[in-house]
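# Structural description and commentary
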Amino acid sequence: ILSGNAAGTTRDQLSGMAAAIGKSVGTQGQAADALAQLATSGRVASASLALAAEAAVRLEREGVQAIGKTVAAFAELGKDPLAASIKLNESTNFLTLTVLKQIKALEDEGKAAQAAALAQEAYATSAISRTKDLEASLGVLEKAWRGVKGAAAAAWDETQSPIPNPQSPIPIRSFKIYIYIYSLE
């Protein structure tokens, strides 16, 4: 809203994206934060927002880098796709020669927005794939702890929602009753 709809999406669309990302990785709050930062940058097309936000949340969850740093990388890719891709590729090795040639060709044809979208999609896809590999290599205890932490975060997300989710594993009313009972002990 404050960005003047720079990303070309509505609040409801961003909210829906945040909920979907929150269900697959991280929390709805983290996803909403990433989406807000990406949309505010004005450098990420609406078609790329969900993928970029998922990448940002996954990178932060795996301890690679903060959401803000990932948002800055996506913004740079949107500002100057070819130069930013080459620079980012030095540290992340996300590009193939074919994709790099496509980005250059699109820029040469004056299709900067398409070049940016391609660069952002390549970076997001690479980041998501690599973080999934990292997640798959976690040990049993790490996976169990992540599950406990995820359940607590999901419960917290549910308490923050203005509209109760009937599909929620922890209904808000039950959660509030549990907190009340626990506080009596």
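All residue numbers refer to positions counted from 1 along the written sequence of the respective chain. Confidence filtering applies because this is a predicted model: local features only for residues at pLDDT of at least 70, side-chain atom pairs given and counted only at 80 or more, and all residues used for totals across whole chains, interfaces and linings. As a rule here, side-chain values cover all heavy atoms of the structure and leave hydrogens and water aside.

This part covers helix α6 (residues 97-108). In this model α6 runs 16 Å from its N-terminal to its C-terminal C-alpha over 12 residues, within 8% of the 16 Å that 1.5 Å per residue would give. Among all positions of α6, only V99, I103 and L106 are buried. Each buried residue of α6 lies within a common arc of 65 degrees when the element is viewed along its axis, so the set occupies one face. Residues of α6 that are exposed and point over 90 degrees away from its buried face: L97, T98, K101 and D108. Secondary structure elements follow DSSP: runs of H or I no shorter than four residues count as helices, runs of E no shorter than two count as strands, and numbering proceeds from the N terminus. Backbone geometry just downstream of α6 places G110 in the positive-phi region, at approximately 80 degrees. Multiplying 1.5 Å by the helix residue count minus one yields the expected span of that helix. Accessible area is worked out with a 1.4 Å probe on protein chains only. A residue is then buried under 20% of its type maximum, exposed over 50%, and partly exposed in between. In this description, one arc is meant: the one made by directions from the helix axis to the C-beta atoms.

As a further point, take the confidence of the model for the protein. Note: predicted coordinates in regions of low pLDDT should not be interpreted at a detailed level. When the pLDDT values of the protein are averaged, the result is 82; 76% of them are 70 or greater. Long-range and interchain partners of residues 1-6, a stretch whose pLDDT sits below 50, account for six contacts in this model, where long-range means more than four residues apart. Across the chain, each position has a pLDDT score giving the predictor's confidence in that residue, from 0 to 100. It only takes one pair of heavy atoms within 4.5 Å for two residues to be counted as in contact. Here residues 170-185 is a poorly scored stretch, pLDDT under 50, and it has nine contacts once near neighbours within four places are set aside; other chains count.

Let us now look at the environment of V64. Inspection of the secondary structure assignment puts V64 in the loop between α3 (46-61) and α4 (67-79). Sequence separation of V64 and A127 is 63 residues, and the distance between their C-alpha atoms is 9.9 Å. Not counting residues up to four positions away in its chain, the partners in contact with V64 are L59 and L134.

What follows covers helix α1 (residues 11-24). For α1, spanning 14 residues, the distance from its first C-alpha to its last is 20 Å, which sits close to the expected 20 Å at 1.5 Å a residue. By the burial criterion, the buried members of α1 are L14, M17, A18, I21 and G22. The buried residues of α1 occupy one face: seen down the axis, they fall within an arc of 130 degrees. Exposed side chains of α1 directed beyond 90 degrees from the buried face belong to D12 and K23. The elements touched by buried residues of α1 are α2 (28-41) and α3. Following α1 by one or two positions, G26 adopts a phi angle in the positive range, close to 65 degrees.

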